[in-house]
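Architecture and fold: a report
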Amino acid sequence: MGTDLQELLRSLRVWDPAVTELPPLDPATAPGDPLDLFTRWFAEAVAAGQSEPHTVSLATADAEGLPDARIVMLHGADADGWAFATHADSRKGRHLAARPYAALVFYWPVLGRQVRLRGPVAVAPAQEARADLHARSAGALAAALTGRQSSELGSTDELARASEAAWERAGREPDAPVPSWTLYRLRPDEVEFFQGDTRRRHVRLSYRRTEPDDDWQTRLLWP
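Residues numbered from 1 in each chain as written. Predicted model: local features only at pLDDT ≥ 70, side-chain atom pairs only at ≥ 80, totals over all residues. Heavy atoms only, no water.

1. Section: a nonpolar patch on the surface
Cut-off, in case you're wondering: Here, patches come from residues exposed beyond 30% relative accessible area and free of salt bridges, joined within 9 Å for like charges and within 5 Å for nonpolar side chains (Val, Leu, Ile, Met, Phe, Trp, Tyr). Here the accessible surface of atoms and residues is derived via Shrake-Rupley with a 1.4 Å probe, and residues count as covered only by protein chains that are part of the display. Counted as salt bridges are all cases of a side-chain nitrogen of Lys or Arg within 4 Å of a carboxyl oxygen of Asp or Glu. Relative accessibility thresholds used throughout: buried, under 20% of the residue-type maximum; exposed, over 50%; partly exposed, between the two (1.4 Å probe, protein chains only).
A cluster of nonpolar residues, Leu-5, Leu-8, Leu-9 and Leu-12, forms a patch on the protein surface that exposes about 390 Å² of accessible area. Residue class for Leu-12 comes out exposed when judged on its relative accessible area of 53%.

2. What to know about the pattern of salt bridges
To be explicit about the condition: The numbering of helices and of strands both runs from the N terminus, where a helix is a DSSP run of H or I of at least 4 residues and a strand a run of E of at least 2.
In total, this model carries 13 salt bridges according to the counting rule given. For the salt bridge of Glu-128 with Arg-185, the shortest nitrogen-to-oxygen distance reads 2.5 Å. Highlighted residues: Glu-128 in helix α4 (residues 126–134) and Arg-185 in strand β7 (residues 181–186), separated in sequence by 57 residues. Take Glu-128: its relative accessible area is 31%, and that puts it in the partly exposed class. In this structure, the salt-bridge partner of Glu-173 is Arg-169, at a minimum N-O distance of 3.1 Å. Judged by relative accessible area, which is 29%, Glu-173 ranks as partly exposed. A relative accessible area of 28% means that Arg-169 is categorised as partly exposed. It is possible to trace a salt-bridge network through shared partners that takes in Asp-68, Arg-70 and Arg-91.

3. Focus on the environment of Leu-35
Note the threshold: Only heavy atoms enter the contact rule, under which two residues are in contact if any of them lie within 4.5 Å.
Relative to the helices and strands, Leu-35 is located in helix α2 (residues 34–47). For the pair Leu-35 and Pro-23, spaced 12 residues apart in sequence, the C-alpha separation works out to 19 Å. Residues in contact with Leu-35, not counting those within four places in the same chain, are Ala-77, Asp-78, Ala-79 and Trp-82.

4. Brief notes about the side chain of His-87
Put simply, the rule reads: Two N or O atoms form a polar contact when they lie within 3.5 Å of each other; inside protein one atom must be a possible hydrogen donor and the other a possible acceptor, and for residues adjacent in sequence the pair counts only when both atoms belong to side chains.
With respect to the element layout, His-87 can be found in strand β4 (residues 81–87). Assessed through its relative accessible area of 3%, His-87 is described here as buried. Only 3.4 Å separates the side chain of His-87 from the backbone oxygen of Ala-144, close enough to count as a polar contact. What His-87 contacts, discounting residues up to four positions off in sequence, is Gly-93, Ala-143, Ala-144, Gly-147, Gln-149, Val-178, Ser-180, Trp-181 and Tyr-184.

5. Some thoughts on unusual backbone geometry
In this structure, Pro-212 follows Glu-211 across a cis peptide bond, with omega equal to 0°. Here the phi dihedral of Trp-15 falls at roughly 60°; this positive angle occurs in a residue that is not glycine. Structurally, Trp-15 can be placed in the loop between α1 (5–11) and α2. The buried category is assigned to Trp-15, whose relative accessible area is 16%.

Here's what the structure looks like:
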């Protein structure tokens, strides 16, 4: 007997009160810099037990303007931007080379929160990418050494052989170079914080970067 998708969808509820806390967001007390609020919210997501809070949806567009999205990991966030990494010759790497602009979306359902960012993306210096990669796990290095991300794969056996060789090299050569591995930084023009509410009076606080003073202005958006 097959699964009735529509029936299954109708049975689901968002923000089950048994496992979800919906804390308030008071725009009047929000900090002037969105990075400060993001750092606080990220720490609160970790403390609340949110699974993999550092995973984030990355949206890019190809040379023709067609969108694409996938989940990546946040590698850091500071005044220079929100950082993530991939191979320069991967699909998202090619997208960013053609159109160096992207969007990020964090979702932390345990607190009913989203954070959305969009802005230009710049390539970090190669030495920073190397340092970032080699500060990570052996598995991360092995995956990077396996390479060929987004290329067509002939079989799972082919992947297993390449991966095994990459793991062996990562163990033997923990500082092995991966020239295609690239660290990117999204420097947002806009950052939006969404706080869910049980009465559906969701709070959406938007920060927008102003020119030429490079300051932030805030505004509220209808949910």
